[in-house]
Amino acid sequence: MIYCFKPTLDPDSIENAIKNVENNIVNNLKGKIIKTDKLGRKKLAYDVNKFRDGFYATTYFELDPEKIKILKRNMKHNDNIIRELTIRIDDLEQYLNAELPKETDRDRDRDRDRDGRPRHRSRDFDRDHHRRPRDRDRAEAR
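## Here's the deal with the nonpolar core
Burial of nonpolar side chains together is a common tendency in soluble globular proteins.
Piece 1. Judged by nonpolar contacts, the single largest core of 17 residues is most densely connected at M1, Y3, F5, I18, V21, L71 and M75.
Piece 2. Elements with a minimum of two residues in this core: β1 (2–5), α1 (11–28), β3 (51–62) and α2 (68–77).
Piece 3. Here this core takes 5 residues from α1, the largest share from any one element.
Piece 4. Every residue in contact with M75, bar those within four places of it in the chain, is listed here: M1, Y3, V21, I81 and E84.
Piece 5. Formed by 5 residues, the second largest nonpolar core is a distinct cluster that contains C4, L44, V48 and F51.

Pasting the structure below:
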């Protein structure tokens, strides 16, 4: 499970919140914690509850499938968590021991056009691109 905490929490509060999630899984739901990773503060892809970033953590655990609904309900009622995602992994040991793929030239260049320019052009380029050349020259002279 990956979950995102509010960015307004201080480091001690985040530690306590992670411990509360782990205690909920172990004590209340009789699950088993395999591993917990703190991924740190990251920017969100879009605003969530008026927050632009959050503190991410991942917890790997074993739990009866019937108790997942209870866990999700408990996570939803936790005010410090702004998002959570639970994923089932069939072979957890193989998943944890797998190596990450190395970055290739294709990965580095995927955000570039064929001519080497960045794919996302500036706002000025889009605004001036449709003008005739002489109108563009006048706009630049101003």
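## Observations regarding the pairing of β1
Piece 1. Summarising the sheet, β1 and β3 pair through 4 bridges and their orientation is antiparallel. Within β3, the position partnered with Y3 by the bridge is A57.

## Details of unusual backbone geometry
Piece 1. In this structure, N49 is a non-glycine residue whose phi angle is positive, near 50°.
Piece 2. Note on placement: N49 falls in the loop between β2 (32–48) and β3.
Piece 3. By relative accessible area, which is 55% here, N49 ends up exposed.
Piece 4. Phi angles above zero are rare outside glycine, and K50 is one such case at about 70°.
Piece 5. In this structure, K50 sits in the loop between β2 and β3.
Piece 6. Accessibility expressed as a relative area gives 81% for K50, which makes it exposed.

## Considering the packing of aromatic side chains
Piece 1. Per the stated rule, a full pass over the model turns up 1 aromatic pair.
Piece 2. Considering the side-chain rings of Y3 and F5, the 5.4 Å spacing of their centres and the 85° angle between planes classify their relative orientation as edge-to-face.

## Some words on the layout of surface pockets
Piece 1. In this structure, the largest pocket spans a volume of roughly 550 Å³.
Piece 2. If you trace the largest pocket, you find 19 residues lining it, with F61, T86, I87, R88 and I89 closest to the centre.
Piece 3. Elements that contribute at least two residues to the lining of the largest pocket include exactly β3, α2 and α3 (92–97).
Piece 4. Residues belonging to the lining of the largest pocket are distributed by class as follows: 12 nonpolar, 3 polar and 4 charged.

## Looking at the sheet that holds β2
Piece 1. The strand order across the open sheet built from 4 strands is β2-β3-β1-β4, with neighbouring strands paired in antiparallel fashion. Of all the strands in the sheet, the pair left with one neighbour each is β2 and β4 (81–85). For this sheet, the mean angle separating the axes of adjacent strands, direction not counted, is 20°.
Piece 2. Pairing geometry for β2 and β3, over 11 bridges, is antiparallel. Counted as the bridge partner of I33 is F61 from β3.
Piece 3. Against the sheet, α1 contacts β1, β2, β3 and β4, and its axis sits at roughly 130° relative to β2.
Piece 4. Sitting on the sheet, α2 is in contact with β1, β3 and β4, with an inclination near 160° to β4.

Calculation criteria
- Every residue gets a number counted from 1 within its own chain, in the order that chain's sequence is written.
- A pLDDT threshold of at least 70 governs which residues receive local features in this predicted model, and a stricter bar of 80 or more applies before side-chain atom pairs are shown or counted, although totals over entire chains, interfaces and linings include all residues.
- Hydrogens and waters are ignored; side-chain quantities use all the structure's heavy atoms.
- Among buried residues, those of type Ala, Val, Leu, Ile, Met, Phe, Trp, Tyr and Cys that are joined through side-chain atoms within 4.5 Å constitute a nonpolar core.
- Only protein chains enter the accessibility calculation, which uses a 1.4 Å probe. A residue is then buried if its area is under 20% of the maximum for its type, exposed if over 50%, and partly exposed in between.
- Each helix is a run of H or I in the DSSP string that is no shorter than four residues. Each strand is a run of E no shorter than two, and both are numbered from the N terminus.
- Every residue pair with non-hydrogen atoms within 4.5 Å of one another is taken to be in contact.
- Pairing between two strands requires that DSSP report at least two bridges joining them.
- Aromatic rings from Phe, Tyr and Trp, taking only the six-membered ring of Trp, are treated as a pair when their centres fall within 6.5 Å; an angle between ring planes under 30 degrees marks them as stacked, one over 60 as edge-to-face, and anything in between as tilted.
- Definitions used throughout: a 1 Å grid over protein atoms alone; a cavity as a set of points that fits a 1.4 Å probe which cannot get out; a pocket as an open set with protein on both sides within 12 Å along at least five of seven lines; a lining residue as one with an atom within 4 Å of a point.
- Grid points are joined across faces, edges and corners, and a volume is the space filled by probe spheres set on the points.
- Amino acids outside the nonpolar list (Ala, Val, Leu, Ile, Met, Phe, Trp, Tyr, Cys, Pro) and the charged list (Asp, Glu, Lys, Arg) are all regarded as polar, and Gly is one of them.
- Between N-to-C directions, angles cover 0 to 180 degrees, with each direction set by a line fitted to C-alpha atoms, over the stretch in contact for helices.

From the geometry alone we can't say anything about function, so treat these as descriptive.
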